[in-house]
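# Results of the structural survey
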Amino acid sequence: MDSSIYLDNNATTRVDPAVVEAMLPFFTEHFGNASSIHAFGSEVGKALKKARSQVQELLGAEHDSEIIFTSCGTESDSTAILSALKAQPDCNTVITTVVEHPAILNQCEWLEKEGYIVHKLKVDKKGRLDLDEYRSLLHERVALVTAMWANNETGTIFPVIEMAEMAAAKGIMFHTDAVQAVGKIPINLKSSKIDMLSLSGHKLHAPKGIGVLYLRRGCRFRPLLRGGHQERGRRAGTENSASIVGLGKACELAMQHMEEENTTVKRLRDKLEIGLLSQISHCFPTGDVSNRLPNTSNIAFEYIEGEAILLLMNKMGIAGSSGSACTSGSLEPSHVMRAMGIPYTAAHGTIRFSLSRYNTEAEVDRVIATAPPIIAQLRKLSPYWSDNQGLGGPAAKPGAAFTPTYA
Amino acid sequence: MWEYSDKVREHFFNPRNSGPLEEANGIGDVGSIQCGDALRLMLRVEPETEIIQDAHFQTFGCGSAIASSSALTEIVKGMTLDEALKVSNQNIADYLDGLPPEKMHCSVMGREALQAAIANYRGEVWSDDHEEGALICKCFAVDAVMIEDVVKANNLNTVQEVTFYTKAGGGCAACHEGIEEILAKVMSERAGPGEVSPPPACPATPEAPRPPSAKLTLVQKIKKIEEVLDAVRPMLQRDHGDVELADVQGKKIYVHLKGACSGCMMEAATLGGIQQKMIETLGELVQVLPSSHMPVEA
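Residues numbered from 1 in each chain as written. Chains lettered and ligands numbered in written order. Predicted model: local features only at pLDDT ≥ 70, side-chain atom pairs only at ≥ 80, totals over all residues. Heavy atoms only, no water.

## Comments concerning a nonpolar patch on the surface
- Judged by side-chain polarity, A:Val20, A:Leu24 and A:Phe27 come together as a nonpolar surface patch covering roughly 290 Å² of accessible area.
- For A:Val20, the location among the structural elements is in helix H1 (residues 17–23). (Patch = residues over 30% accessible without salt bridge, like charges linked within 9 Å, V, L, I, M, F, W, Y side chains within 5 Å. Areas by Shrake-Rupley, 256 points an atom, 1.4 Å probe, with all protein chains shown as cover. Salt bridge = Lys/Arg side-chain N within 4 Å of Asp/Glu carboxyl O. Helix = DSSP H or I, 4+ residues; strand = E, 2+ residues; numbered from the N terminus.)

In structure tokens form, the structure reads like this:
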């Protein structure tokens, strides 16, 4: 797959070779258990300490003990939500948003079945929150606010710093799912009122199977996993030492590449987006384009379906992802697109391009050249599209011309 | 990504008969509101013979929706309208060497477009009787609407019963939570306000049979057994299987499972379902066993 172009970095990233190199000794010579008293263990213990400080630095956390290693972003999210409810038994309400990742939404749905109250903040057509609505919901029975730092599908950034301050003013805990933001935009937790933050290693060139829950010192906490004394008793289970070391290294590299991410990667993303929008009619970027991650572009191609686009792009060696129903295994198109009120005929044709520092100018040029014929080919097949006199366009008032009987 | 057959991939990358058909005299426009896919099927029918001379499609949908549409046009070309009306969604899926369970609704949409196009040609109004819900059982492609309908119609109370009636939950068992939720919902509606009871746990052993009625003669008994088999046969045939009575020895009823049923991972559940119906119909405790269990005669 050497000539393949990987533009699905919000799904997962390639492990950086320097990360692999840092990890390898921890499978062989440094295989010890960090809890052991002998030399095999103490070497590992030192490495974990270093990794913890590397993560601390990337997050701008005040203390290294605020970093709890977990198995993934989902575990961090579940731990944060369940801890807030367990630690504050008088509170029964969680505030979140309609566009969260399933790691948050499905947990909240379960809590509702268990009798808790969940308020989901709505978004406007650009995916932005209404902070007045948010303010009106902050009351004494709220255990936790959980809002993502940046949206995985559109890259739209939420004002979590401001939201955390508003929550703190009412004495309410604030958690943010920052798996898409960490490593892409600067974060400085010690100057914020954020109490908990989730990150996932594999989104920033560390391996899969390692995550972090940041827990502000003094924030009431109840562990999800009880058992050994690992992570100061806040997350029992033998440390995944090789992956922790790898995540530490990845955080160090992310710090070094932060500027590149916001200049070079951003420029390539913009070039790609402008290149596609200028050549293809009836398509538009989704989300809040003026306030989003530097690596993400999500474009809705109207009147065609995302999986078909992905299959044809894949044939040409280009990897992206889609918010269409058919790629998810569910019948519904992306909840994020629906929340923004994007019509079905456009939501189904959304394609997310998410870049990384590994992408090149030549790759972007190739995508700009390859995508337009693919879109044209599929539109020819679409009943919503008409090819009048070679001038492509939606079939005279789509919906009027083509009105299927819906099951 | 999905595991698509080579045939699906081929029909997606090189769709047959795509685009408008100028002289079409039967057009079917259908869509699936849940997944958003939509399909226009255009037929050119020879009025004298009612033979479909040409068929074209336009599809807004995923790879398998486009492949299913392409396959459909190939299947119906040259058929009479009456023959075409017998084309099932399973025929379309079979033509493509199968579809992933999540994608079976694409073939359903194809069959509906065909019915709609023929109704359009005949000047009839086509109405859709098929409602589609979220996919619950991925092993056997059973959706929430179907489970709910079957639970309501047959007064079902347990996951095991749902499996007997629909096969849902008979494979990997990962969807049992989803089935229990549907059961709980229907049962609370059934119970009315104030007397909600949770669905009982899946019983480890079949429930005790009802007290036996007046004793049947062997001939009466075999007639009743055949009636039960006739009742379940259409369900099995839908999945390309069949069942036949092999022998009756006292309380043991031996059956041949044929076609796709033989060696199917659901064999035990199928027999369990048949056994349940036998016990209900005969009013006595019987065992339904595969013919392979018949004692070898000396």
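## Points about the domain arrangement of chain A
Residue and element names in this part refer to chain A.
- We note that the domain assignment places domain 1 (5–9 + 256–383) and domain 2 (17–254) within chain A.
- Look at where the C-alpha atoms of domain 1 and domain 2 centre, and you get two points 28 Å apart.
- With 25 residues of domain 1 at the interface, the matching set in domain 2 holds 30 residues.
- Carbon and sulfur atoms make up 55% of the area that domain 1 and domain 2 hide from each other, which totals about 2,500 Å².
- Applying the counting rule to domain 1 against domain 2 returns 0 salt bridges.
- Counting across the interface, domain 1 meets domain 2 through 15 residue pairs in polar contact (both at pLDDT 80 or more).
- Among the elements of the structure, helix H7 (241–279), strand E10 (296–301) and helix H9 (335–339) are those that each provide at least two residues to the side of domain 1 that touches domain 2.
- Looking at the side of domain 1 that touches domain 2 residue by residue, the classes come out as 8 nonpolar, 12 polar and 5 charged. (Domains from an automatic or database assignment. Contact = heavy atoms within 4.5 Å. Buried area = accessible area lost by both parts, 1.4 Å probe. Polar contact = N/O pair within 3.5 Å; in protein donor to acceptor, adjacent residues only side chain to side chain. Nonpolar A, V, L, I, M, F, W, Y, C, P; charged D, E, K, R; others polar.)

## Looking at the domain arrangement of chain B
Residue and element names in this part refer to chain B.
- Partitioning chain B into domains gives domain 1 (6–121), domain 2 (135–191) and domain 3 (218–293).
- Centre-to-centre, using C-alpha coordinates, domain 2 lies 22 Å away from domain 3.
- The partner domain 3 presents 9 residues to the 8 residues of domain 2 that form the contact.
- Carbon and sulfur atoms make up 69% of the surface buried where domain 2 meets domain 3, a total of about 740 Å² over both sides.
- When the buried area of domain 2 at its contact with domain 3 is split by residue, Phe 164, Tyr 165 and Lys 167 rank highest and sum to 63% of it.
- One can count 0 salt bridges joining domain 2 with domain 3.
- Taken together, the connections running from domain 2 to domain 3 amount to 0 residue pairs in polar contact (both at pLDDT 80 or more).
- If you tally residues by element for the side of domain 2 that touches domain 3, the top one is helix H7 (residues 159–166), at 3 residues.
- Of the residues in the side of domain 2 that touches domain 3, the class split is 4 nonpolar, 3 polar and 1 charged.

## Let's talk about the interface of chain B and chain A
- Taken together, the contact pairs 40 residues of chain B with 35 residues of chain A.
- Across the interface of chain B and chain A, roughly 3,000 Å² is buried in total on both sides, 66% from carbon and sulfur atoms.
- Counting the contacts that link chain B with chain A gives 2 salt bridges.
- A salt bridge links B:Glu181 to A:Lys113; its shortest N-O distance comes to 2.9 Å.
- Put simply, chain B and chain A have 7 residue pairs in polar contact (both at pLDDT 80 or more) between them.
- For the side of chain B that touches chain A, the element with the highest residue contribution is strand E3 (residues 51–60) of chain B, accounting for 4 residues.
- Split into classes, the residues belonging to the side of chain B that touches chain A amount to 17 nonpolar, 13 polar and 10 charged.

## A word on the pattern of salt bridges
- Tallied over the full model, the rule gives 33 salt bridges over all chains.
- Its salt-bridge partner being B:Glu10, residue B:Arg16 comes within 2.6 Å of it at the nearest N-O pair.
- Residue B:Glu10 is classed as partly exposed on the basis of its relative accessible area, which comes to 33%.
- Residue B:Arg233 pairs with B:Asp230 through a salt bridge whose shortest N-O separation is 2.5 Å. Note that B:Arg233 and B:Asp230 are positioned in helix H9 (residues 218–238) at a spacing of 3 residues, about one turn of the helix.
- Look at B:Arg233 and you get buried, because its relative accessible area is 18%.
- The exposure class of B:Asp230 is partly exposed, given its relative accessible area of 44%.
- Each of A:Arg267, A:Lys271, A:Glu361 and A:Asp365 takes part in one network of salt bridges that share partners. (Buried < 20%, exposed > 50% of the residue type's maximum accessible area, 1.4 Å probe, protein only.)

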